[in-house]
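# Structural characterization, general
Read off the chains here:
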Amino acid sequence: MSYIPKPPAGAPPSAHGARPHEEEIEISYRRRILHGKIDILRAELVNRLRRKHEGGEEVISGADVQRLTDILTGKAMGETG
């Protein structure tokens, strides 16, 4: 068991009202949720690409590359920049 020191009695709460240790727990939880969602999306992408490949379709098209370019440059979903 690791020792996690408690903040001093007069330590101010963070901007969200939690102590630093509680913030770390919340951030860790959110990170795990996001990683789980990324894993689900990755599995879905692999399945879709596998089906395209097995069906003789192009796995990645020029439109896919353009869409990725738009996302990375912030032009996706109506974003302006």
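Presented here is an overview of the structure given in this document. (Residues numbered from 1 in each chain as written. Predicted model: local features only at pLDDT ≥ 70, side-chain atom pairs only at ≥ 80, totals over all residues. Heavy atoms only, no water.)

### Looking at the overall build of the chain
Within the chain one finds two helices and zero strands. Here the chain holds 81 residues, and 4% of them are scored as buried. Accessible area for the chain stands at about 7500 Å²; split by element, carbon and sulfur atoms hold 60% of it. (Helix = DSSP H or I, 4+ residues; strand = E, 2+ residues; numbered from the N terminus. Buried < 20%, exposed > 50% of the residue type's maximum accessible area, 1.4 Å probe, protein only. Areas by Shrake-Rupley, 256 points an atom, 1.4 Å probe, with all protein chains shown as cover.)

### A few points about a nonpolar patch on the surface
Residues Leu68, Ile71 and Leu72 make up a contiguous nonpolar surface patch of about 320 Å² in total accessible area. Looking at where Ile71 falls in the secondary structure, it is placed in helix α2 (residues 62–72). The exposure class assigned to Ile71 is partly exposed, which follows from its relative accessible area of 44%. (Patch = residues over 30% accessible without salt bridge, like charges linked within 9 Å, V, L, I, M, F, W, Y side chains within 5 Å. Salt bridge = Lys/Arg side-chain N within 4 Å of Asp/Glu carboxyl O.)

### A closer look at helix α1 (residues 20–54)
Taking 1.5 Å per residue, 35 residues should reach 51 Å; α1 reaches 51 Å between its end C-alpha atoms and fits that length. Taken from the residues just after α1, Gly56 is the one with a positive phi, measuring 80 degrees. (Expected span 1.5 Å × (residues − 1).)

On their own, these measurements won't tell you what the molecule is for.
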